Amino acid sequence: MTEDLVCSAKGCGADATHQVIWNNPKIHTPDRRKIWLACDEHSETLRKFLDARGFWKENVAIQP
């Protein structure tokens, strides 16, 4: 069974094309990584949101 990967942006139901990888250093160990899924439209928005808080690590394209 394959799950559909859906964008994590609020109210968006588009297919995810990117992983937005982040870590909150106040509550996560340095090696821990959290992942939000993002469509093409929201990949940059989610990155900027996390980067402004010092949480963003990298965006990685999801391979089909």
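Since we're looking at a predicted model, the values are computed, not measured.

(A) Structural view of the state of the cysteines. A complete count under the given rule lists zero disulfides for this structure. Cys39 provides the cysteine sulfur closest to Cys7, a residue in no disulfide bond, and the two sulfurs are 3.8 Å apart. Residue Cys7 is classed as buried on the basis of its relative accessible area of 5%. Cys12 takes part in no disulfide bond, and the closest cysteine sulfur, belonging to Cys39, lies 3.9 Å away.

(B) Quick peek at the nonpolar core. Core analysis: the largest hydrophobic core is formed by six residues, namely Val20, Trp22, Ala38, Leu46, Leu50 and Phe55. At the level of secondary structure, the elements contributing two or more residues to this core comprise β1 (18–22) and α1 (43–52). Apart from residues lying up to four places away in sequence, Leu46 is in contact with Ala9, Val20, Trp36, Leu37 and Ala38.

Calculation criteria
- Each chain carries its own residue numbering, running from 1 in the written order of its sequence.
- Only residues with pLDDT of 70 or above have their local features reported here, since the model is predicted, and side-chain atom pairs are shown and tallied only from 80 upward, although totals for entire chains, interfaces and linings are computed over all residues.
- In computing side-chain values, all of the structure's heavy atoms are included and hydrogens and water are not.
- Two cysteine sulfurs form a disulfide in these notes if their separation is within 2.5 Å.
- To sort residues, take the accessible area from a 1.4 Å probe on protein chains only and compare it with the maximum for the residue type: under 20% means buried, over 50% means exposed, and anything in between is partly exposed.
- The set of buried Ala, Val, Leu, Ile, Met, Phe, Trp, Tyr and Cys residues whose side-chain atoms join them within 4.5 Å is what this entry labels a nonpolar core.
- Going along the chain from the N terminus, every DSSP run of H or I of four or more residues is numbered as a helix, and every run of E of two or more is numbered as a strand.
- In this analysis, two residues are considered to be in contact whenever any of their non-hydrogen atoms come within 4.5 Å of each other.

Geometry only, nothing functional implied.
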